[in-house]
Amino acid sequence: MNRNLWLFLLLTVGATFLLLGFFGREVYRQAPPLPNRVVTPDGRVLFTQDDILTGQQVYQSIGGQQVGTVWGHGAYVAPDWSADQLHREITGLLDLWAQREAQRPYAGLDGERQAALRERVTRAMRTNTWDAASGDVTVSADRALVMAQVAGHYDALFGASDEPAVIKLRDAYALQDRAIPDPRRRIQLTAFFWWTAWSCGTERPGNTVTYTNNWPHEPLIGNLPSSANLLWSIISVVVLIAAIGALVYWQSYHQEEERLAAPTRDPLDGTALTPSMKATLAYGGAVIALFLAQIGFGILTAHYGVEGRGFYGFDLSVWLPYAVTRTWHIQLGIFWIATAFLAAGLFLAPVVGGREPRFQAAGVWFLLVALVVIVVGSLAGEWSSIMQRMGLDAGFWFGHQGYEYVDLGRFWQLFLIVGLVLWLGLMVRGLWPALTAPVAAGDPEGQSRKQLLALFVGSSVAIGLFYGAGLMYGARTHMSVMEYWRWWVVHLWVEGFFEVFATVAISFIFTRLGLVSARSATRAVLFATAIFLLGGIPGTFHHLYFSGTPVSIMAIGAVFSALEVVPLVLVGHEAWKNRQLGQAAPWAAAYRWPIACFLAVAFWNLVGAGVFGFLINPPIALYYLQGLNTTPVHGHTALFGVYGMLSIGMVLFIFRRATAGREWKDGALRLAFWSLNIGLALMVLLSLLPVGLWQAHESIERGLWSARSAEFMQQDAMQTLRWLRAVGDTIFAVGGAALAWFALGLWTGWSIRKG
């Protein structure tokens, strides 16, 4: 039964992971070299590989990708340091030569002389002087002089300089004073910045593109989109159109999902809450508390973008700099969404298994305590690292890893993996009776339930284990290799297997409610999972086009990431189906708000993951858009719109079962639902998207360095657009507060209708 679909799924997973592994080897093999030394022609050593790697650790210690970006990955208030370093070095050389030869700055020369100097600086920057035998990179004396000037600029910026121009720049970058008190660390940081820029401006041996495939856009040295970039962008669009056509054709001839005659009463009404199921109510409370905290730090983080280091006149950066608030904002988002998923699994396990295993409740409570320790400990460690209260090695282990979405220190990361394994164990022991129960040969519905259960367990195993990919790199691992493994966590764990788990969990809910047959639900889940993973697993590479990877990564990422959009074509059908299920019987109205959240998931899947995701997917689009505010447009609408609304829906389902038989006063819940969705839309449409598109125009016209520069971002009109985010943020915050008020009312009784 469903043999072909199972075969399709297994072949898809096997083949796509083979692709991910094979081309991952190419990431290792063709990563930009880390020079043993950077020297001048007369043998003077400017810095060593140890300086570069220690500088990488310094960057991690101050928040890393929460303080600007490197190779386009990270936060968006401070500059992209690789693009900024590259541009400062180029313009420094042009001015040096212009002053030496014409006694005037480069901007004061006529067009012919400027063109000659641009050709000269292009040769100087793009020529690869790395010697494979010695491992040294040789730079000219002029370039060494300019490198020292740029290093001095960063030394002042991250140090204690009180020059008005430097202070103004710190305000524009939301960077606290004395971000790096140790002068030796500041010098090592500049070595790391230089190497990231060198990779962007230096051609691969025997090639005409740089190590980062000519990213970032920098017209002064001919950093323009490569022919491969354009070619694979065209192919990705063609693949998308063809795949959508094939899916629509398949759907036209696919048998409509079988719905059962709705039961006369809620099938779950006879299910008593076990002690472990009651314990998941505390998880729901933790989810909402963490959600409120995330909203608060999100508002503060967004405000730093317009007021630098202050909050309506109060200088909070002394204790809560931007790097801290943004780190906490992102980490809290992951924590509360993951906690909701864990709660849903733990709640459903006894329902599906049919009994409560011994000590299950104790295990569920112990896991919650462990999660609280991880949250509090990791957030405190991140603060200590950013405030430079830790050594570099200790900071990586107990403070801040410096990489977006996996910011928490390695110790806390290991602790979280142990917690996920514990959760997996609790899940399996709860589901074990159902897993081992025999199914009659002539019972297709029972066989389908067993297969759906196998998918549920498989997705739980993936959530429990795939976070471990974040252990595959260390503090001094090459940036290209680190990015490869980091996106295993961010893309495969968060965007991939969370999606699979969610699909299976929703199907479980509807089948348990008797609204959909297990047979049709299993077919739908098998097909949806295979289609999603077909594009999603190798589509991981679309994050790595410009991270020091070869063209083959761009080819695989462009083609397969286009396929990620294909299943979203049917979200309208999914939304209609869920709405119909919610109206199937009078008692189903009790699940109105969980189902409404599932409807919102379908909408934001199309808009956030589909429209805004594909906006930045093709290589030619991402070439100009990587590192701009178009990325958080996709991030907010996909992460909260899809996984956030889904998490709220699952928590509301748990609350609904805990208050079975009692009618809700849902006025606050209605306000919460609409405020969260409208606030998210306004946050994007009034601020993030206009800012991102304006930056995109500047990036195309002049280069990424300009689109991220303080001069561009501090324009009055740009500041107005950034202030407008307060409209959406405020409405969104009202939604969060209303949700918390409703949840509190379930405990106190004011959200329950009397009589």
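The rules behind the values
Residues numbered from 1 in each chain as written. Predicted model: local features only at pLDDT ≥ 70, side-chain atom pairs only at ≥ 80, totals over all residues. Heavy atoms only, no water. Helix = DSSP H or I, 4+ residues; strand = E, 2+ residues; numbered from the N terminus. Rg over C-alpha atoms; globule rule 2.2 N^0.38 Å. Buried < 20%, exposed > 50% of the residue type's maximum accessible area, 1.4 Å probe, protein only. Areas by Shrake-Rupley, 256 points an atom, 1.4 Å probe, with all protein chains shown as cover. Pairing = 2+ DSSP bridges. Axes fitted to C-alpha atoms, helices over the stretch in contact; angles between N-to-C directions. Parallel < 35°, antiparallel > 145°, perpendicular 65-115°, else oblique. Contact = heavy atoms within 4.5 Å. Salt bridge = Lys/Arg side-chain N within 4 Å of Asp/Glu carboxyl O. Polar contact = N/O pair within 3.5 Å; in protein donor to acceptor, adjacent residues only side chain to side chain. Arc of directions from axis to C-beta. Core = buried A, V, L, I, M, F, W, Y, C linked by side-chain atoms within 4.5 Å. Patch = residues over 30% accessible without salt bridge, like charges linked within 9 Å, V, L, I, M, F, W, Y side chains within 5 Å. Expected span 1.5 Å × (residues − 1). Phe/Tyr/Trp six-rings, centres within 6.5 Å; stacked < 30°, edge-to-face > 60°. Lys NZ or Arg CZ within 6 Å of the ring centre and 35° of its normal. Left-handed = near helix turned anticlockwise from the far one by under 90°. Nonpolar A, V, L, I, M, F, W, Y, C, P; charged D, E, K, R; others polar.

Chemist: Can you help me understand the overall build of the protein in this one?
Modeler: Counting secondary structure elements, the protein contains 26 helices and five strands. At 27 Å, the protein has a C-alpha radius of gyration in line with the 27 Å of a compact globule built from 755 residues. Its C-alpha atoms give the protein principal-axis dimensions of roughly 90 × 55 × 45 Å. In the protein, buried positions account for 62% of the 755 residues. Split by element, the accessible area of the protein, about 27,800 Å² in all, is 65% carbon and sulfur.

Chemist: Is there a simple way to explain the pairing of strand 2 (residues 45–48) in this structure?
Modeler: Consecutive side chains along a regular strand alternate between the two faces of the sheet. The pairing of strand 1 (residues 37–39) with strand 2 spans three bridges and is classified as antiparallel. Looking across to strand 2, one finds that Val-38 is bridged to Phe-47. Here strand 1 folds back onto strand 2 in antiparallel fashion, the turn holding five residues, of which Gly-43 has a positive phi close to 90°.

Chemist: Mind showing me how you'd approach the packing of helix 19 (residues 592–615) against helix 22 (residues 667–701) here?
Modeler: For any two helices packed against each other, one specifies the crossing angle of their axes together with the interaxial distance. For the pair helix 19 and helix 22, interaxial distance at closest approach is 10 Å and the crossing angle is 10°. As far as their axial angle goes, helix 22 and helix 19 are roughly parallel. Across the interface between the two elements, Arg-592, Trp-593, Ala-596, Cys-597, Ala-600, Trp-604 and Phe-612 of helix 19 pack against Leu-669, Arg-670, Phe-673, Trp-674, Asn-677, Leu-680, Ala-681, Val-684 and Leu-689 of helix 22.

Chemist: Could you clarify how one ought to interpret the pattern of salt bridges in this entry?
Modeler: Any two side chains of opposite charge can pair, so long as their charged atoms come close to each other. Within the structure shown, the criterion is met by 23 salt bridges. When the shortest N-O distance is used, the salt bridge between Arg-123 and Glu-119 registers 3.7 Å. Here Arg-123 and its partner Glu-119 are both found in helix 4 (residues 111–126), four residues apart, which amounts to about one turn of the helix. Assessed through its relative accessible area of 45%, Glu-119 is described here as partly exposed. Because the salt bridges share partners, they merge into one network encompassing Arg-170, Asp-171, Asp-177 and Arg-309.

Chemist: When you look at the side chain of Arg-486 in this model, what are you seeing that I'm missing?
Modeler: Summarising the element assignment, Arg-486 is placed in helix 15 (residues 479–512). Polar contacts involving the side chain of Arg-486 include one to the side chain of Glu-483, which spans 2.9 Å. Apart from the residues lying within four places of it in its own chain, the contact partners of Arg-486 are Gln-65, His-73, Tyr-403, Glu-404, Tyr-405, Val-406 and Tyr-473.

Chemist: What's the story with unusual backbone geometry in this structure? I'm lost.
Modeler: Comment: phi is negative for the bulk of residues other than glycine, and the bulk of peptide bonds are trans. Residues Trp-215 and Pro-216 are joined by a peptide bond in cis, for which omega reads 0°. Note that Pro-216 resides in the loop between helix 7 (183–201) and helix 8 (227–253). Positive phi outside glycine occurs at Asn-214, with the angle close to 70°. If you trace the backbone, Asn-214 turns up in the loop between helix 7 and helix 8. Accessibility expressed as a relative area gives 5% for Asn-214, which makes it buried. One non-glycine residue, Gln-388, lies in the positive phi region at around 60°. Of the residues examined, Gln-388 reaches a relative accessible area of 16% and is grouped as buried.

Chemist: Would you take a moment to explain helix 25 (residues 716–723) for this structure?
Modeler: Owing to its 3.6 residues per turn, the α-helix brings residues three or four apart onto one side. Here helix 25 has its buried residues at Met-718, Gln-719, Leu-721 and Arg-722. Along the axis of helix 25, the buried residues cluster in a sector spanning 155°; they form a single face. Those residues of helix 25 that are buried lie in contact with helix 9 (275–307), helix 22, helix 24 (710–713) and helix 26 (725–748).

Chemist: Whenever I open this one, the environment of Trp-705 confuses me. Can you help?
Modeler: Along the chain, Trp-705 falls in helix 23 (residues 704–707). On a C-alpha basis, the gap between Trp-705 and Pro-79 in space is 7.3 Å, while along the polypeptide they are 626 residues apart. Residues within four places of Trp-705 in sequence aside, it is in contact with Ala-83, His-87 and Glu-218. Polar side-chain contacts of Trp-705 include one of 3.3 Å to the side chain of His-87. Among the polar contacts made by the side chain of Trp-705, one reaches the main-chain carbonyl oxygen of Arg-702 at a distance of 3.3 Å.

Chemist: I'm lost on the side chain of His-491 in this one. Help?
Modeler: Along the chain, the position of His-491 falls in helix 15. Residue class for His-491 comes out buried when judged on its relative accessible area of 2%. In this view, His-491 contacts Gly-496, Gly-536, Gly-539, Thr-540, His-542, His-543 and Glu-564; residues no more than four positions away in its chain are not counted.

Chemist: What am I meant to see in the nonpolar core here?
Modeler: General note: in soluble globular proteins, nonpolar side chains tend to be found buried as a group. Core analysis: the largest hydrophobic core is formed by 233 residues, its most contacted members being Trp-81, Phe-158, Phe-341 and Ile-648. Here this core gets 23 residues from one element, more than from any other, and that element is helix 15. Counting residues in hydrophobic clusters, the runner-up holds six residues, among them Val-77, Leu-300, Tyr-304 and Tyr-322.

Chemist: Would you take a moment to explain the sheet that holds strand 1 for this structure?
Modeler: One key point about sheets: their strands pair by backbone hydrogen bonds, in either a parallel or an antiparallel sense. One open sheet holds the three strands; their spatial order is 2-1-5, and the pairing between them is mixed. Strands at the two margins of the open sheet, each flanked by one partner only, are strand 2 and strand 5 (136–138). Strand-to-strand, the axes of this sheet are offset by a mean angle of 20°, without reference to chain direction.

Chemist: Can you help me understand a nonpolar patch on the surface in this one?
Modeler: A grouping of Trp-397, Phe-398, Phe-411 and Leu-414 is seen on the molecular surface, where their side chains present a nonpolar patch of about 360 Å² in accessible area. With respect to the helices and strands, the residue Phe-398 is situated in helix 12 (residues 392–399). What makes Phe-398 partly exposed here is its relative accessible area of 40%.

Chemist: In this structure, what is going on with helix 4? I would like to understand it.
Modeler: The end-to-end C-alpha separation of helix 4 is 22 Å, in line with the 22 Å expected for 16 residues at 1.5 Å each. Residues Gln-114, Leu-117, Val-121, Thr-122, Met-125 and Arg-126 constitute the buried set of helix 4. Relative to the axis of helix 4, the buried residues are bounded by an arc of 145° and lie together on one face. Between the side-chain oxygen at the start of helix 4 and the backbone nitrogen of Glu-112 there is a gap of 3.1 Å, and the oxygen is on Asp-110.

Chemist: How do you make sense of the packing of aromatic side chains when you look at a structure like this?
Modeler: For any two aromatic rings, the description comes down to two numbers: the centre-to-centre distance and the angle of the planes. If you walk through the whole model with that rule in mind, you get 57 aromatic pairs. Ring centres 5.6 Å apart and planes at 75° place the aromatic pair Trp-694 and Phe-712 in the edge-to-face group. In this pair, Trp-694 is assigned in helix 22 and Phe-712 in helix 24, connecting sequence segments 18 residues apart. Taking relative accessible area as the criterion, Trp-694 reaches 27% and is therefore assigned partly exposed. Grouped by ring-pair contacts, the aromatic residues Phe-341, Trp-423, Phe-456, Tyr-467, Trp-493, Phe-498, Phe-501 and Tyr-643 constitute a single cluster. In this structure, Arg-120 is placed above the aromatic ring of Trp-97, and the distance from its NZ or CZ to the ring centre is 3.9 Å.

Chemist: Before we go on, may I ask you to explain the environment of Ile-556 in this structure?
Modeler: Summarising the element assignment, Ile-556 is placed in helix 17 (residues 551–564). For the pair Ile-556 and Tyr-304, spaced 252 residues apart in the sequence, the C-alpha separation amounts to 38 Å. If we skip the residues at most four places from it in the chain, Ile-556 touches Leu-19, Phe-23, Pro-538, Phe-541 and Ser-561.

Chemist: Would you mind going over the packing of helix 5 (residues 141–158) against helix 7 with me for this structure?
Modeler: In contact at an axis separation of 9 Å, helix 5 and helix 7 are set at 125° when each is read in the N-to-C sense. With respect to helix 7, the element helix 5 is oriented oblique. Taken as a pair, helix 5 and helix 7 cross one another with a handedness that is right-handed. Between helix 5 and helix 7, the contacting residues are Arg-143, Met-147, Ala-151, Tyr-154, Asp-155 and Phe-158 on the first element and Pro-183, Arg-186, Leu-189, Thr-190, Phe-193, Trp-194 and Trp-198 on the second. Here the contact of helix 5 with helix 7 is composed, by residue class, of nine nonpolar, one polar and three charged.

Chemist: Could you clarify how one ought to interpret the environment of Arg-486 in this entry?
Modeler: For Arg-486, a relative accessible area of 0% translates into the label buried. A C-alpha to C-alpha distance of 8.6 Å links Arg-486 and Glu-404, two positions 82 residues apart in sequence. At a separation of 2.8 Å, a polar atom in the side chain of Arg-486 contacts the main-chain carbonyl oxygen of Glu-404.

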